[in-house]
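Fold and contact review
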Amino acid sequence: MYLTKEKKAEIFAKHGGEAKNTGSTEGQIALFTFRINHLTEHLKQNRHDYNTERSLVKLVGKRRSLLDYLKAKDIVKYREVIKELNIRK
């Protein structure tokens, strides 16, 4: 499996403040970004995997919603997250 407990805890520790803080917006955005990157690489190899393509589109939408929420809540953190994760608008 590509996403182990340790990797997930590492993502939340780096972006969410601590490993136990799985509800933080920044941590969830980072986790979605990790998953989106993984699915993108998978789709480069498997072009006709439409279920994965659908999942990818749903994940991008969820991440976009979280980014919009963060932008409305705290614009400084939004800019930091965008810069750190190399997400383009």
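Reading the values: rules and limits
Residues numbered from 1 in each chain as written. Predicted model: local features only at pLDDT ≥ 70, side-chain atom pairs only at ≥ 80, totals over all residues. Heavy atoms only, no water. Helix = DSSP H or I, 4+ residues; strand = E, 2+ residues; numbered from the N terminus. Buried < 20%, exposed > 50% of the residue type's maximum accessible area, 1.4 Å probe, protein only. Contact = heavy atoms within 4.5 Å. Areas by Shrake-Rupley, 256 points an atom, 1.4 Å probe, with all protein chains shown as cover.

Moving on: the overall build of the chain. Scanning the chain for helices and strands turns up four helices and zero strands. Helices and strands appear in the chain in the N-to-C order α-α-α-α. Judged by the C-alpha coordinates and their principal axes, the chain covers about 40 × 30 × 20 Å. Taking all 89 residues of the chain together, 33% fall into the buried category. By sequence separation, contacts in the chain at least 24 residues apart represent 45% of the contacts at least 6 residues apart. Working note: accessible area of the chain is about 6500 Å², and carbon and sulfur atoms make up 50% of it.

Just distances and angles here, no functional claims.
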